[in-house]
Amino acid sequence: MSAAPVEQPHDDRPLIAEANRVMERLRGQRVEIIEGLIVVTPPPDLGHARALKKLARPFETAGLDEDETEVHQGIGVWLPDGPEDYAIPDLCVVDADIDDQLIENNCYDPAAFRLVLEVTSSNWQADLRAKVKAYAQARIPVYVIVNRKHQRLHVLTDPAGDTYENHRPYVPGEIATLPDTLGAKVTLDVDEILKAGQPRTN
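Keep in mind the model is a prediction, meaning the values are calculated, not measured.

Draft legend 1. Just the overall build of the protein, in detail. Across its full length, the protein holds five helices and 15 strands. Its C-alpha atoms give the protein a radius of gyration of 16 Å, within 12% of the compact-globule value 17 Å for 202 residues. With the C-alpha coordinates of the protein rotated into their principal frame, the extents come out at 50 × 45 × 30 Å. Counting over 202 residues, the protein shows a buried share of 48%. Pairs at least 24 residues apart make up 56% of the contacts formed inside the protein by residues separated by at least 6 positions. Taking the average location of the 21 positive side-chain charges in the protein and that of its 34 negative ones, the two points are 10 Å from each other.

Written as structure tokens, this is what we have:
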């Protein structure tokens, strides 16, 4: 989930300090630093929230929110592509020892993340481009994108440099099977998730 970048400040203030100032001013909005730019995301719409709710269930049902792993929403991941870069994926699967992996600014070492997931919003290009590069460089093994704009679910695996070697888009009617490296078998009903992400009409 992403929105338009905010122009970098023109003073000597570190970027993180500026991002935190923006967060204080714009309560309830997500603030990230991607490729050296502050990105502000407005609160999610109901479709986004419904899709995310549907998405959490298969991970929890598979037992990934117990013992060795945890399932969370809105946890910061420190990114290696810039000195102050970080992202806040919509959903993630992390190692259970993540508390020991805190780096800075409530963000954690990407090595603790087994999967990150984004549900697209108005600026869907950031999730499909900038975050692909950022998460690949962070060597996060699995990146899932619920692409509400084009009605696709993308599963990206095997990070290599600034991209993923494997990118499999799924369409409504298909079942996406995630890699066993997560620690359990997880399948996602693409039709159900994409339908949940659409606005409801009377």
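Draft legend 2. Structural view of the side chain of Thr-69. Its location among the elements puts Thr-69 in strand β4 (residues 69-72). Residue classification places Thr-69 among the buried positions, given a relative accessible area of 3%. With residues near it in sequence (within four places) discarded, Thr-69 still touches Gly-63, Leu-64, Val-93, Val-94, Asp-95, Ala-96, Arg-114 and Leu-182.

Draft legend 3. Inspection of the nonpolar core at higher detail. The biggest cluster of nonpolar side chains holds 27 residues, and the ones touching the most others in it are Phe-59, Leu-115, Leu-117, Val-144, Leu-153, Leu-178 and Leu-188. Breaking this core down by element, the ones donating at least two residues are α2 (46-61), β7 (91-95), β10 (113-119), β11 (142-147), β12 (152-160) and α5 (190-196). Per element, the largest residue contribution to this core is five residues, and it comes from α2. Those residues in contact with Leu-115 that sit more than four places away from it in its chain are Phe-59, Leu-91, Cys-92, Val-93, Ile-140, Val-142, Val-144, Leu-178 and Leu-182. With 23 residues, the next largest nonpolar core counts Val-77, Leu-79, Ala-130 and Ile-140 among its residues.

Draft legend 4. A look at helix α1 (residues 15-25). Among the residues making up α1, those that are buried are Leu-15, Ile-16, Glu-18, Ala-19 and Val-22. For α1, the angular spread of the buried residues around the axis is 160 degrees, confining them to a single face.

Draft legend 5. Representation of the packing of aromatic side chains in the model. Considering all chains together, one arrives at two aromatic pairs under this definition. Ring centres 4.9 Å apart and planes at 75 degrees place the aromatic pair Tyr-135 and Tyr-143 in the edge-to-face group. For the pair Tyr-135 and Tyr-143, one class covers both residues: buried. The exposure class of Tyr-143 is buried, given its relative accessible area of 0%. An aromatic cluster is built from Tyr-135, Tyr-143 and Tyr-164, whose rings are joined through pairwise contacts. Stacked on the ring of Tyr-170, the Lys or Arg Arg-168 has its end atom at 4.0 Å from the ring centre.

Draft legend 6. Geometry of α2. Here α2 is 16 residues long and its end C-alpha atoms lie 23 Å apart, about the 22 Å a rise of 1.5 Å per residue gives. Residues Gly-47, His-48, Ala-51, Leu-52, Leu-55, Ala-56 and Phe-59 constitute the buried set of α2. Projected down its long axis, α2 shows its buried positions confined to an angular sector of 165 degrees, all on one face. In α2, the exposed positions angled more than 90 degrees off the buried face are occupied by Leu-46, Lys-53 and Thr-61. Considering only its buried residues, α2 is in contact with β4, β7, β10, β11, β15 (187-189) and α5. Of the residues flanking the start of α2, the one acting as N-cap is Asp-45, its side-chain oxygen 3.2 Å from the backbone nitrogen of Gly-47. Backbone geometry just downstream of α2 places Gly-63 in the positive-phi region, at approximately 85 degrees.

Draft legend 7. Quick peek at the side chain of His-48. With respect to the helices and strands, the residue His-48 is situated in helix α2. A polar contact of 3.2 Å, which involves the side chain of His-48, links it to the side chain of Asp-90.

Draft legend 8. Structural view of unusual backbone geometry. Positioned with a positive phi, Asn-105 is a non-glycine residue whose angle comes to about 55 degrees. With respect to the element layout, Asn-105 can be found in the loop between β8 (102-104) and β9 (107-108). Exposure remark for Asn-105: the relative accessible area of 26% places this residue in the partly exposed category. Even without being glycine, Asp-158 reaches a positive phi, approximately 60 degrees. Classification of Asp-158 as partly exposed rests on a relative accessible area of 38%.

Rules behind the numbers
- Positions within a chain are numbered from 1, following the residues in the order the chain's sequence is written.
- In keeping with the predicted nature of the model, local features appear solely for residues at pLDDT of at least 70, side-chain atom pairs appear and are counted solely at 80 or more, and the whole-chain, interface and lining totals rest on all residues.
- Neither water nor hydrogens contribute to the side-chain values; these are computed over all heavy atoms in the structure.
- Only DSSP runs of H or I reaching four residues or more are called helices, and only runs of E reaching two or more are called strands; each is numbered from the N terminus.
- Our radius of gyration looks at C-alpha atoms and nothing else; its globule reference is 2.2 Å times the residue count to the power 0.38.
- Note on exposure labels: buried denotes an accessible area under 20% of the residue type's maximum, exposed denotes more than 50%, and partly exposed covers the range between, all computed with a 1.4 Å probe on protein chains only.
- The contact rule is simple, with two residues in contact once any of their heavy atoms fall within 4.5 Å.
- The charge count includes Lys and Arg as positive and Asp and Glu as negative, but it does not include His or the ends of the chains.
- Note on charges: their place is set at NZ of Lys, CZ of Arg, CG of Asp or CD of Glu.
- Remark: nonpolar core denotes a set of buried residues (Ala, Val, Leu, Ile, Met, Phe, Trp, Tyr, Cys) joined through side-chain atoms within 4.5 Å.
- Note: the arc covers the axis-to-C-beta directions of the helix.
- Pairing of aromatic rings covers Phe, Tyr and Trp, the last counted by its six-membered ring, and requires centre-to-centre distances within 6.5 Å; plane angles under 30 degrees mean stacked, over 60 mean edge-to-face, and any other angle means tilted.
- For a ring to carry a charge above it, either NZ of a lysine or CZ of an arginine must fall within 6 Å of the ring centroid while also lying within 35 degrees of the normal to the ring plane.
- Each helix should span, by expectation, one fewer than its residue count multiplied by 1.5 Å.
- Definition of a polar contact: a pair of N or O atoms within 3.5 Å, with one able to donate and the other able to accept a hydrogen when the atoms are protein atoms, and with sequence-neighbouring residues admitted only if both atoms are side-chain atoms.

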